[in-house]
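Listed below are the residues making up each chain.
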Amino acid sequence: MADNQAPRTLQDLRTLTSGEAVPPTASNTPDAKKAIDAKGRTYATGKRKDAVARVWVKRGTGKVTINGRDIQTYFARSVLRMMLNQPFQVANRSGQYDVEATVSGGGLSGQAGAVRHGISKALTYQEPELRGVLKSGGFLTRDSRVVERKKYGKAKARRSFQFSKR
């Protein structure tokens, strides 16, 4: 077994424990695949409720495009736009990255949450040192809360029909 290869067989592992071979270290292992493509973008998928967002982040001037439209027209409510900017504000990267996203499913609130989740994940691929800050802010965790289904014999998921003794 060559010194710079990882053990592939049981015999290779035996030679490692006997001290004959050098275990792979960070200096002699191949680099991890870069998450940045040829255009300088990183890609991530964000999810919230029934919404799924495909997000591309690259260095730029802070322009955000969602489904081919500007953020001001797509998310007219300021609360939703604020949600999208939270990862950048926590990481002190406001106005440094351009975002292009395609989002489908769910309503506007779920879509904004999905895009925020995707932006956070893509930022960690762009700058891995931001992972701790974004994780402590709760931006990398997918919010798993979804609407509870309606049950038979009930008016809604849990609401019963009004009871009358008559």
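This text follows the structure it describes.
Only a predicted model underlies this, so the values are computations on that prediction, with no experimental measurement involved.

1. Some remarks on the nonpolar core
So, step 1. Counting residues in hydrophobic clusters, the biggest one holds 29 residues, and the most contacted among them are Ile-66 and Phe-75.
So, step 2. Sorting elements by how many residues they give to this core places helix H4 (residues 108-126) first, with six residues.
So, step 3. For Phe-75, the contacting residues outside a window of four places in its chain are Ile-66, Leu-80, Arg-81, Leu-84, Leu-108, Gln-111 and Ala-112.

2. Here we look at the environment of Gly-105
So, step 1. Considering the arrangement of structural elements, one finds Gly-105 in the loop between strand S5 (97-104) and H4.
So, step 2. Those residues in contact with Gly-105 that sit more than four places away from it in its chain are Asp-50, Ala-51 and Gln-111.

3. Examining the pattern of salt bridges
So, step 1. Per the stated rule, a full pass over the model turns up seven salt bridges.
So, step 2. Notably, a salt bridge pairs Glu-127 with Arg-59, separated by 3.5 Å at the nearest N-O pair. With Glu-127 in the loop between H4 and helix H5 (131-136) and Arg-59 in strand S2 (residues 51-59), this pair connects stretches of sequence that are 68 residues apart.
So, step 3. Take Glu-127: its relative accessible area is 7%, and that puts it in the buried class.
So, step 4. Residues Arg-93 and Glu-127 are paired through a salt bridge, measuring 2.8 Å at the closest nitrogen-oxygen approach. Residue Arg-93 is found in the loop between helix H3 (78-90) and S5, and its partner Glu-127 is found in the loop between H4 and H5; the two are separated by 34 residues along the sequence.
So, step 5. Residues joined in a network through salt bridges with shared partners are Arg-48, Asp-143 and Arg-145.

What counts, and at which threshold
Residues numbered from 1 in each chain as written. Predicted model: local features only at pLDDT ≥ 70, side-chain atom pairs only at ≥ 80, totals over all residues. Heavy atoms only, no water. Core = buried A, V, L, I, M, F, W, Y, C linked by side-chain atoms within 4.5 Å. Buried < 20%, exposed > 50% of the residue type's maximum accessible area, 1.4 Å probe, protein only. Helix = DSSP H or I, 4+ residues; strand = E, 2+ residues; numbered from the N terminus. Contact = heavy atoms within 4.5 Å. Salt bridge = Lys/Arg side-chain N within 4 Å of Asp/Glu carboxyl O.

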